[in-house]
Amino acid sequence: MCGRYATTTNPGRLAVELDAIDETGSENDSRAGGFENYNVAPTNRVLTVVERHDHDNPDDDPKLRIRRMRWGLIPVWTKAAEPGVPAKGKPLFNARADKAATTPSFRDAVKYRRCLVPMDGWYEWLTEPDAVGGGKGKAVKHPYFMANADGSLLYMAGLWSVWRDRSVRDSEPLLSCTILTTDAVGDLTRIHDRMPLPMPREHWDAWLDPDHPAPAELLATPSEETVAGIVARPVSPLVNSVKNNGPELLAEVSGADTEKAGQISLL
């Protein structure tokens, strides 16, 4: 699964690198300041990459666009709790890649509303014996950060939706997204049995195409070669709390440092 991740991507710079249109404007939703968020959690607004036609020139070729969306997909049929506010439902921040095409909440998005979610890396928690208790105490969950060894961005496959309050005339659209997950492969299986689905650059055209469904093989579990550059490193338990948000969350820690940081995070 993928329930937390980090992104330090400047949307303007990303737009230049991808030759995309930056549609984020001056919006700033990061609690860490600027555009950086080291502890992204569901319901945060996150950066996505989509490919869409221009509303005023629908016959023109589609273009890449950088947009912010709420992390946690809101199906179009969701009712409003109050004017302009969707009712709470299941936290659809992840979608199984092998079932999304047949799941009511996601199947329409699989056809025509697919996106990429750029990230520096994601967090998972590995349950291990308590080192202090000599392996006999209560099991402890240790956080790990999965990222490309060379520090390059990861682009994960996602789906998105547009929700409007149908009871309000000309209501503002609410964009939301979910990250597709798949079976973990290679060395990543020692941390967790699931992982976000990476989308290699050579498949972007087919994945983001707004006019055609994506080839089914793009939803398949990736090869070990695809994730060969991703490494996992132990990080501080400070990430356990969404109140903590800074570059120290990405720093690799030793076993002793992990125990010490764990004590601090409980204060």
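Since the structure is predicted, the reported quantities are computational estimates derived from the model, not experimental observations.

1. A closer look at the overall build of the protein
Thought 1: When you go through the protein residue by residue, the secondary structure sums to four helices and 15 strands.
Thought 2: Counting only residues that meet the buried cut, the protein has 45% of its 267 residues in that class.
Thought 3: Accessible surface computed for the protein: about 14100 Å², of which carbon and sulfur atoms make up 50%.

2. Re helix 1 (residues 11-18)
Thought 1: Looking at helix 1, one finds that the buried residues are Pro 11, Leu 14, Ala 15 and Leu 18. Along helix 1, the residues classed as buried sweep out an arc of 100° about the axis, all on the same side. In helix 1, the exposed positions that point more than 90 degrees away from the buried face belong to Arg 13, Val 16 and Glu 17.
Thought 2: Buried residues in helix 1 make contact with strand 2 (21-22), strand 4 (45-52), strand 5 (63-71), strand 9 (114-119), strand 12 (154-163) and helix 3 (204-208).
Thought 3: A side-chain oxygen of the first residue of helix 1 lies 2.9 Å from the backbone nitrogen of Gly 12; this N-cap is Asn 10.

3. Focus on the pattern of salt bridges
Thought 1: For the coordinates displayed, the defined rule picks out five salt bridges.
Thought 2: With a shortest N-O distance of 3.2 Å, Arg 96 and Asp 98 are connected by a salt bridge.
Thought 3: Between Arg 194 and Asp 183 there is a salt bridge, and its shortest N-O distance comes to 2.9 Å. Here the residue Arg 194 occupies a position in strand 14 (residues 194-196), and Asp 183 occupies one in strand 13 (residues 174-183), the gap between them amounting to 11 residues.
Thought 4: You can call Arg 194 buried: its relative accessible area is 11%.
Thought 5: Through salt bridges that share partners, Glu 23, Arg 65 and Arg 67 make up one connected network.

4. Considering the packing of aromatic side chains
Thought 1: Considering all chains together, one arrives at five aromatic pairs under this definition.
Thought 2: Plain terms: the ring middles of Tyr 123 and Phe 145 are 5.0 Å apart, the flat faces sit at 50° to each other, and that makes the pair tilted. Of this pair, Tyr 123 sits in strand 10 (residues 121-128) while Phe 145 is found in strand 11 (residues 140-148), placing the two residues 22 residues apart along the sequence. The pair Tyr 123 / Phe 145 is uniform in exposure class, with both members buried.
Thought 3: Pairwise contacts between aromatic rings join Tyr 5, Trp 71 and Phe 93 into one cluster.
Thought 4: Against the face of Trp 207 rests Arg 114, its NZ or CZ located 5.6 Å from the ring centre.

5. Describing unusual backbone geometry
Thought 1: A positive phi angle, near 85°, is found at Thr 43, a position not held by glycine.
Thought 2: By the secondary structure assignment, Thr 43 is in the loop between strand 3 (37-40) and strand 4.
Thought 3: One non-glycine residue with positive phi stands out, namely Asp 170, at about 55°.

6. So, the environment of Arg 114
Thought 1: Looking at the secondary structure, you find Arg 114 in strand 9.
Thought 2: Expressed as a C-alpha distance, the spacing of Arg 114 and Trp 207, which sit 93 residues apart in the sequence, is 6.7 Å.
Thought 3: In terms of polar contacts, Arg 114 uses its side chain to reach the backbone carbonyl oxygen of Ala 206, at 3.4 Å.
Thought 4: At 2.5 Å, the side chain of Arg 114 and the backbone oxygen of Trp 207 are in polar contact.

7. Looking at the nonpolar core
Thought 1: One finds Leu 18, Val 49, Ile 66, Leu 116, Leu 159, Leu 180 and Trp 207 to be the most contacted residues of the largest nonpolar core, which totals 29 residues.
Thought 2: Elements represented by at least two residues in this core include exactly helix 1, strand 4, strand 5, helix 2 (107-112), strand 12 and helix 3.
Thought 3: Aside from chain neighbours lying at most four places away, what touches Ile 66 is Pro 11, Leu 14, Ala 15, Leu 18, Ala 20, Ile 21, Asp 22, Glu 23, Thr 24, Leu 47, Thr 48 and Val 49.
Thought 4: By size, the runner-up hydrophobic cluster in this structure holds 28 residues, among which are Phe 93, Leu 126, Met 146 and Ile 191.

8. Quick notes on the sheet that holds strand 3
Thought 1: Ordered by their spatial adjacency, five strands build an open sheet running 3-1-10-11-15, and the pairing between neighbours is antiparallel. Looking at strand neighbours, the two that pair on one side only are strand 3 and strand 15 (230-234), the edges of this open sheet. Neighbour-to-neighbour, the strand axes of the sheet open up by a mean angle of 30°, direction not taken into account.
Thought 2: Across eight bridges, strand 10 lies against strand 11 in antiparallel orientation. Note on strand 11: the bridge partner recorded for Glu 124 is Tyr 144.

9. Regarding the confidence of the model for the protein
Thought 1: Of the residues in the protein, 89% reach a pLDDT of 70 or more, and the chain-wide mean stands at 89.
Thought 2: Note on residues 258-267: pLDDT is under 50 here. Beyond four places in sequence and across chains, it has 12 contacts.

10. Things to note about the side chain of Thr 178
Thought 1: Note on placement: Thr 178 falls in strand 13.
Thought 2: Here Thr 178 is in contact with Trp 71, Leu 73, Leu 92, Phe 93, Asn 94, Ala 95, Phe 106, Ala 157, Gly 158 and Leu 159, once residues within four sequence places are set aside.

Rules behind the numbers
- For every chain, the first residue of the written sequence is number 1, and numbering continues from 1 onward in sequence order.
- The predicted nature of this model means local features are confined to residues of pLDDT at least 70 and side-chain atom pairs, given and counted, to a pLDDT of 80 or more, with totals for whole chains, interfaces and linings taken over all residues.
- Note that water and hydrogens are dropped before the side-chain values are worked out from all heavy atoms of the structure.
- Numbered from the N terminus, helices here are DSSP runs of H or I no shorter than four residues, and strands are runs of E no shorter than two.
- Buried means the residue's accessible area, taken with a 1.4 Å probe over protein chains only, is under 20% of the maximum for its type, while exposed means over 50%, and partly exposed covers the values in between.
- Where accessible areas are quoted, they stem from the Shrake-Rupley method and a 1.4 Å probe; at the residue level, only the protein chains shown are allowed to cover.
- Note: the arc covers the axis-to-C-beta directions of the helix.
- When checking whether two residues touch, look at their non-hydrogen atoms; a contact exists if any pair is within 4.5 Å.
- Pairing of N or O atoms within 3.5 Å defines a polar contact, subject to two protein rules: one partner must be a possible hydrogen donor and the other a possible acceptor, and residues neighboring in sequence count only if both atoms are side-chain atoms.
- Whenever a carboxyl oxygen of Asp or Glu lies within 4 Å of a side-chain nitrogen of Lys or Arg, that contact is scored as a salt bridge.
- Classification of ring pairs rests on two measures: the distance between centres of Phe, Tyr or Trp rings, Trp counted by its six-membered ring, which must be within 6.5 Å, and the angle between planes, read as stacked under 30 degrees, edge-to-face over 60 and tilted in between.
- Cation placement over rings: the criterion is NZ of Lys or CZ of Arg within 6 Å of the ring centroid and within 35° of the ring normal.
- Put simply, buried Ala, Val, Leu, Ile, Met, Phe, Trp, Tyr and Cys residues joined by side-chain atoms within 4.5 Å make one nonpolar core.
- Pairing between strands requires that DSSP locate at least two bridges from one strand to the other.
- Lines are fitted to the C-alpha atoms to define the axes, a helix being fitted only along its stretch in contact, and any angle between axes, read from their N-to-C directions, falls within 0 to 180 degrees.
- Here pLDDT means the predictor's own confidence in every residue, given as a number from 0 to 100.

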